[in-house]
Amino acid sequence: MCIYILLIYLHQKLLFTVASLLFEEKIMKAIRITKNGDASVLELQDLPQPKPGPGEALVRLKAAGLNFIDIYIRSGRYARPLPHTPGLEGAGIVEAIGDGVTEVVVGDRVAYAGTMGSYAEFNLIKAANLIPLPNEITFEQGAAFPLQGMTAHYLLHEYYPIKKGDHVLVHAAAGGVGLLLVQWLKYWGATIIGTVSTETKANIAREAGATHLIRYTEQDFVEQTKALTDGKGADYIIDGVGKSTFDHDLEAVRYRGTICLFGSSSGPANPLAPNSLQTKSITLCGGSLFNYLNTREELLKRANDVLQGLREGWLKLKIDHVFPLEHAIQAQQLLEGRQSTGKVILKIGD
Ligand SMILES: NC(=O)c1ccc[n+]([C@@H]2O[C@H](COP(=O)([O-])OP(=O)(O)OC[C@H]3O[C@@H](n4cnc5c(N)ncnc54)[C@H](OP(=O)(O)O)[C@@H]3O)[C@@H](O)[C@H]2O)c1
């Protein structure tokens, strides 16, 4: 039986190689998902290298960024057609362009967020979605800033007008988005209340500028937030955790305060009766980055604001975990298992 399976495998491999030679098809390494499940469904495979169509650029990837949405997609919580190559963020060099491309030329250093397929050596991206990567930004940084950086940008600019001294509660403050929010809020002079699960994470968030840290797995963050705000509650709560936090946000926010729910790393938040918001006149917002990148101008404005923060030094990317592409399973397990801080990156190629 084993020999039979081995023969079929070798036969397929041979056919694939012959076809590649005959049609001069170039091959690339890519992580593929053929079924939803835990991280073990991530498989390294050989695939034909894609060719750019009109308006597209082929990017030779040097690094891919991991994001919590990769976990939702892999597990099947967010549906995507199968099979697919995961990853929504990357950085690299333009290898080839299709007809009509004006935004980039071959050889440009670029980054992007929002197109699936970045756990691979090459990815096809709509040229209008590429962000020029300045020379002083490494490819790893280029794969670390777009999705989480532009998310922090819209969360801080679109829902609540943050003023110096405002109390802003940031959940999972030592995570990828969390650390960027903390640094930006510090730059603006807000008082930042961060929640984290461990003392190590508390130290990291404190170093990034969080004013107060609450170990929300052990301490009651509603009680603590009230104590830190003279009983009033937070002005603005930014919640990417969901199930374990959202119900309590409604208590921890001040009268006429704002909550933005933009993720669900602990699971989807419980349903809410809309009229219950009336009691404290709460503004509740639902965030999704891809509704805030409607035009190329909007994309470049958000990306360039993040890049400017990095250039000026008040914003830093904390890239604590870099794995080779073939270790995508371990990389996702780290993120999903609540073990990561800051950004998790896959390094691709030399
Ligand atoms: N809507 C958007 O536009 C958008 C864009 C980007 C990201 N997001 C969301 O933002 C959130 C953060 O994303 P990220 O990529 O920066 O991830 P991350 O914050 O680096 O990692 C998730 C963190 O969530 C916390 N967490 C709480 N309960 C958890 C649980 N049961 N299992 C796993 N983690 C748990 C953990 O921090 P502690 O150990 O400190 O609790 C963990 O490190 C995610 O929900 C993501 O989907 C949304």
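Thresholds, definitions, all that
- Along each chain, residue indices are assigned from 1 in the same order as the chain's sequence is written.
- Only residues with pLDDT of at least 70 are given local features in this predicted model, and only at 80 or more are side-chain atom pairs given and counted; all residues enter the totals for whole chains, interfaces and linings.
- In computing side-chain values, all of the structure's heavy atoms are included and hydrogens and water are not.
- To qualify as a helix, a DSSP run of H or I must reach at least 4 residues; to qualify as a strand, a run of E must reach at least 2; elements of each kind are numbered from the N terminus.
- The quantity called the radius of gyration is restricted to C-alpha atoms. Its globule counterpart is 2.2 Å times the number of residues to the power 0.38.
- Where accessible areas are quoted, they stem from the Shrake-Rupley method and a 1.4 Å probe; at the residue level, only the protein chains shown are allowed to cover.
- The sign given to each residue is positive for Lys and Arg and negative for Asp and Glu; His and the chain ends receive no count.
- Here the site of a charge means NZ on Lys, CZ on Arg, CG on Asp, or CD on Glu.
- Here the term buried applies to any residue with accessible area under 20% of the maximum for its type, exposed to any over 50%, and partly exposed to those in between, with areas from a 1.4 Å probe on protein chains only.
- At least two bridges found by DSSP between two strands is the condition for calling them paired.
- When the strands point away from the viewer, a crossover counts as right-handed if the route from the first strand across the helix to the second turns clockwise.
- Proximity is defined per residue: any heavy atom of the residue falling within 4 Å of a molecule or strand makes that residue near it.
- Contacts described as polar in this section are N or O atom pairs within 3.5 Å, which, within protein, must combine one atom able to donate a hydrogen with one able to accept it, while residues neighboring in sequence count only if both atoms come from side chains.
- Every axis in this analysis is a line fitted to C-alpha atoms, fitted for helices over the stretch in contact. Angles between the N-to-C directions lie between 0 and 180 degrees.
- Two helices that cross are described as forming a left-handed crossing if the nearer one is turned anticlockwise from the farther one by less than a right angle, and a right-handed crossing if clockwise.
- Residues are treated as being in contact if the distance between any of their heavy atoms lies within 4.5 Å.
- Polar here means any residue other than Ala, Val, Leu, Ile, Met, Phe, Trp, Tyr, Cys and Pro, which are nonpolar, and Asp, Glu, Lys and Arg, which are charged; Gly is therefore polar.
- A cavity, in this analysis, means grid points on a 1 Å lattice covering only the protein atoms where a 1.4 Å probe fits yet has no way out; a pocket is instead an open set bounded by protein on both sides within 12 Å along at least five of seven lines, and a residue lines either one if it has an atom within 4 Å of a point.
- Grid points are joined across faces, edges and corners, and a volume is the space filled by probe spheres set on the points.
- Delimitation of the domains relies on an automatic or database domain assignment.
- As a working definition, buried area equals the accessible area (1.4 Å probe) given up by two parts on being put together, with both sides summed.
- Counting rule for disulfides: a pair of cysteine sulfur atoms within 2.5 Å.
- Nonpolar side chains (Val, Leu, Ile, Met, Phe, Trp, Tyr) are joined into patches within 5 Å and like charges within 9 Å, using only residues with over 30% relative accessible area and no salt bridge.
- Any Lys or Arg side-chain nitrogen located within 4 Å of an Asp or Glu carboxyl oxygen qualifies as a salt bridge.

Re the overall build of the protein
Here comes step 1: Along its length, the protein carries ten helices and 15 strands.
Here comes step 2: Radius of gyration (C-alpha) of the protein: 22 Å, near the 20 Å computed for a compact globule of 350 residues.
Here comes step 3: Each principal axis of the C-alpha atoms in the protein carries an extent, and together these give about 75 × 50 × 40 Å.
Here comes step 4: Put simply, the protein shows about 16,400 Å² of open surface, and 54% of that area lies on carbon and sulfur atoms.
Here comes step 5: If the 34 positive side-chain charges of the protein are averaged to one point and the 36 negative ones to another, these points end up 2 Å apart.

Re the pairing of strand S11 (residues 234–239)
One face of the sheet, then the other: side chains in a regular strand alternate in exactly this way.
Here comes step 1: Counting buried residues along S11, six of its six residues qualify, which places the element largely inside the surrounding structure.
Here comes step 2: Where S11 lies against strand S12 (residues 253–261), five bridges are found, and the strand directions are parallel. If you follow Asp239 over to S12, its bridge partner there is Leu261.
Here comes step 3: In this fold, S11 hands off to helix H8 (residues 246–252), which returns the chain to S12; that crossover is right-handed.

Details of the site of the ligand
Here comes step 1: Around the ligand sit 28 residues, and of these Tyr154, Ser197, Tyr216, Gly240 and Leu289 come closest.
Here comes step 2: A distance of 2.4 Å separates an oxygen atom of the ligand from a polar side-chain atom of Tyr216.
Here comes step 3: At 2.9 Å from an oxygen atom of the ligand is found a side-chain nitrogen or oxygen belonging to Ser265.
Here comes step 4: In the complex, 90% of the free accessible area of the ligand, which totals 910 Å², lies under the protein chains.

Observations concerning the packing of helix H5 (residues 176–188) against helix H6 (residues 199–208)
A packed helix pair is summarised by two numbers, namely the angle formed by the two axes and the spacing between the axes.
Here comes step 1: Where H5 meets H6, the closest approach of the two axes is 8 Å, and the angle between their N-to-C directions is 35°. Here the hand of the crossing between H5 and H6 comes out right-handed. Taking contact as the criterion, the partners of Leu179, Val182, Gln183 and Lys186 in H5 are, on H6, Ile204, Ala205 and Ala208.
Here comes step 2: Tallied by class, the residues present in the contact of H5 with H6 amount to five nonpolar, one polar and one charged.

Notes on the layout of surface pockets
Here comes step 1: What the largest pocket holds in volume is close to 1,100 Å³.
Here comes step 2: Along its surface, the largest pocket is lined by 47 residues, and Phe68, Tyr72, Gly240, Val241 and Ser265 are the ones closest to its centre.
Here comes step 3: Across the lining of the largest pocket, the residue classes tally to 19 nonpolar, 24 polar and four charged.

Here we look at the domain arrangement of the protein
Here comes step 1: Structurally, the protein comprises domain 1 (2–145 + 317–347) and domain 2 (149–291).
Here comes step 2: Domain 1 puts 13 residues into the contact, and the matching count from domain 2 is 18 residues.
Here comes step 3: Taking both partners together, domain 1 and domain 2 bury about 1,200 Å²; carbon and sulfur atoms supply 61% of that area.
Here comes step 4: If you sort the residues of domain 1 by the area they bury against domain 2, Arg77, Arg338 and Thr341 come out on top, with a joint share of 35%.
Here comes step 5: Between domain 1 and domain 2 we count seven residue pairs in polar contact (both at pLDDT 80 or more) in total.
Here comes step 6: A breakdown of the residues in the side of domain 1 that touches domain 2 according to their chemical character gives six nonpolar, four polar and three charged.

Remarks on the environment of Ile192
Here comes step 1: Within the secondary structure layout, Ile192 lies in strand S9 (residues 191–196).
Here comes step 2: Sequence separation of Ile192 and Val170 is 22 residues, and the distance between their C-alpha atoms is 7.1 Å.
Here comes step 3: Residues in contact with Ile192, not counting those within four places in the same chain, are Val168, Val170, Val182, Leu185, Lys186, Gly209, Ala210, Thr211 and His212.

Quick word on the state of the cysteines
Here comes step 1: By the definition in use, this model includes zero disulfides.
Here comes step 2: Between Cys260, a cysteine without a disulfide, and Cys285, which holds the nearest cysteine sulfur, the sulfur-to-sulfur distance is 5.4 Å.

Description of a negative patch on the surface
Here comes step 1: Negative charge collects at one region of the surface, where Asp220, Glu223, Asp247 and Glu251 lie side by side.
Here comes step 2: Within the element layout of this structure, Glu251 appears in helix H8.
Here comes step 3: Overall, the relative accessible area of 42% leaves Glu251 in the partly exposed class.

Re empty space enclosed by the protein
Empty pockets left among the atoms are what a rolling probe the size of a water molecule brings to light.
Here comes step 1: Under the counting rule described, the total for this entry stands at one cavity of 30 Å³ or more.
Here comes step 2: Lining the largest cavity, in full, are Ala144, Gln148, Gly176, Leu179, Leu180, Lys316, Leu317, Lys318, Gly342 and Lys343.
Here comes step 3: Residue contributions to the lining of the largest cavity peak at three residues, all from H5.
Here comes step 4: For the lining of the largest cavity, a count of residues per class yields four nonpolar, three polar and three charged.
Here comes step 5: Both domains that furnish three or more residues to the lining of the largest cavity are identified here as domain 1 (2–145 + 317–347) and domain 2 (149–291).

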